Amino acid sequence: MADIMNTTVYTKKAVLDFQRFDARMFKSVAWGTHAVFFMLFAIALAVAVYSVTAGGYILFAISIACMAWLGRRYYFLYIAPARKFDSSSFINLRHEYRFRDSGVTMSINGHFDYNKLLCAYETNDCFYLYSNKALALIIDKAGFDKDGSNRLGALLSERLGNKFKIISK
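About the criteria used
Residues numbered from 1 in each chain as written. Predicted model: local features only at pLDDT ≥ 70, side-chain atom pairs only at ≥ 80, totals over all residues. Heavy atoms only, no water. Helix = DSSP H or I, 4+ residues; strand = E, 2+ residues; numbered from the N terminus. Contact = heavy atoms within 4.5 Å. Areas by Shrake-Rupley, 256 points an atom, 1.4 Å probe, with all protein chains shown as cover. Pairing = 2+ DSSP bridges. Axes fitted to C-alpha atoms, helices over the stretch in contact; angles between N-to-C directions. Salt bridge = Lys/Arg side-chain N within 4 Å of Asp/Glu carboxyl O. Buried < 20%, exposed > 50% of the residue type's maximum accessible area, 1.4 Å probe, protein only. Phe/Tyr/Trp six-rings, centres within 6.5 Å; stacked < 30°, edge-to-face > 60°. Patch = residues over 30% accessible without salt bridge, like charges linked within 9 Å, V, L, I, M, F, W, Y side chains within 5 Å.

K.L.:
Is there a simple way to explain the overall build of the protein in this structure?
P.N.:
Scanning the protein from N- to C-terminus turns up four helices and eight strands. Element order for the protein, N to C, with α for helix and β for strand: β-α-α-α-β-β-β-β-β-β-α-β. In the protein, the proportion of contacts linking residues at least 24 apart, taken out of those at least 6 apart, comes to 61%. When the accessible area of the protein is evaluated, it comes to approximately 10,000 Å², of which 60% is carbon and sulfur surface.

And the structure:
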């Protein structure tokens, strides 16, 4: 099989899309999390308002603590990643990948074999290759020439078997 080449530019959109994907797949944060956060926050706010009007300051303190915990969790899941990216050193960093029969060669981290991959996912825009739960390679489909993304999907399916999943097409 001929080598499959890819150049991926790590834009803010690509990185944040990955972080949302990673939160859903590995951190088990469901799509409805936004609604649950806002609902619980609204309930805690209503309890805080009620407790002030009723004179229940212990209940007020508990509801404020709940709002602080929910707000902190929401911040670290959804807001902090965007802020971290803005100050990171890999804004618009380019990675070049060469997929061979024997493994993947990268312009940054060298070479590793497919059997070292924990799992891989294909979405409409990207491939995510996980070498562990904390580290994944983002392979942007726009960086392929011709039918490279189809060939890579077939290669990953062949090499990884049930560790390769197509999330959407």
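K.L.:
I'm lost on the sheet that holds strand β6 (residues 126-132) in this one. Help?
P.N.:
Across a sheet, strands are paired by hydrogen bonds formed along the backbone, either parallel or antiparallel in direction. Read from one edge to the other, the open sheet built from four strands follows the order β7-β6-β5-β8, with strand pairing classed as mixed. Of all strands in the sheet, those bounded by a partner on one side alone are β7 (135-140) and β8 (164-166). Shown here is a sheet whose adjacent strand axes are inclined to one another by a mean of 15 degrees, direction ignored. Packed onto the sheet, helix α4 (residues 148-160) meets β5 (119-122), β6, β7 and β8 and runs at close to 30 degrees relative to β6.

K.L.:
What's the story with the pattern of salt bridges in this structure? I'm lost.
P.N.:
Any two side chains of opposite charge can pair, given that their charged atoms come close. Within this structure, the stated rule accounts for six salt bridges. Taking the shortest distance from any N to any O, the salt bridge between R159 and E158 comes out at 3.8 Å. We classify R159 as partly exposed; its relative accessible area is 38%. E158 gets classed as exposed once you look at its relative accessible area, which sits at 58%. Counted as one network, the salt bridges with shared partners bring together D3, R98 and R100.

K.L.:
Any chance you could explain unusual backbone geometry here in plain terms?
P.N.:
Negative phi characterises most residues that are not glycine, and trans characterises most peptide bonds. Phi is positive for K146, close to 50 degrees, though the residue is something other than glycine. Under the relative-accessibility criterion, K146 is labelled exposed at 85%.

K.L.:
It is not clear to me how the packing of aromatic side chains should be interpreted in this structure. Could you clarify?
P.N.:
The way to describe two aromatic rings as a pair is by their centre distance and the angle between their planes. One pass over the structure, following the stated rule, counts three aromatic pairs. With a centroid separation of 6.2 Å and 25 degrees between ring planes, the pair formed by Y97 and F99 is classed as stacked. Of the residues examined, Y97 reaches a relative accessible area of 1% and is grouped as buried. By relative accessible area, which is 0% here, F99 ends up buried. Between the aromatic rings of Y121 and Y130, the centroid separation amounts to 6.0 Å while the plane-to-plane angle is 85 degrees, which identifies the pairing as edge-to-face. Y130 matches Y121 in its accessibility class, with the two residues each being buried.

K.L.:
Could you clarify how one ought to interpret a nonpolar patch on the surface in this entry?
P.N.:
A contiguous nonpolar patch, built from V36, M39, L40 and I43 and spanning about 340 Å² of accessible area, is present on the exposed surface. Among the structural elements, L40 can be located in helix α2 (residues 33-54).

K.L.:
Would you take a moment to explain the environment of G103 for this structure?
P.N.:
Secondary-structure assignment places G103 in the loop between β2 (93-99) and β3 (104-106). What makes G103 buried here is its relative accessible area of 0%. For G103 and R159, which are 56 residues apart along the polypeptide, the C-alpha to C-alpha distance reads 9.6 Å.

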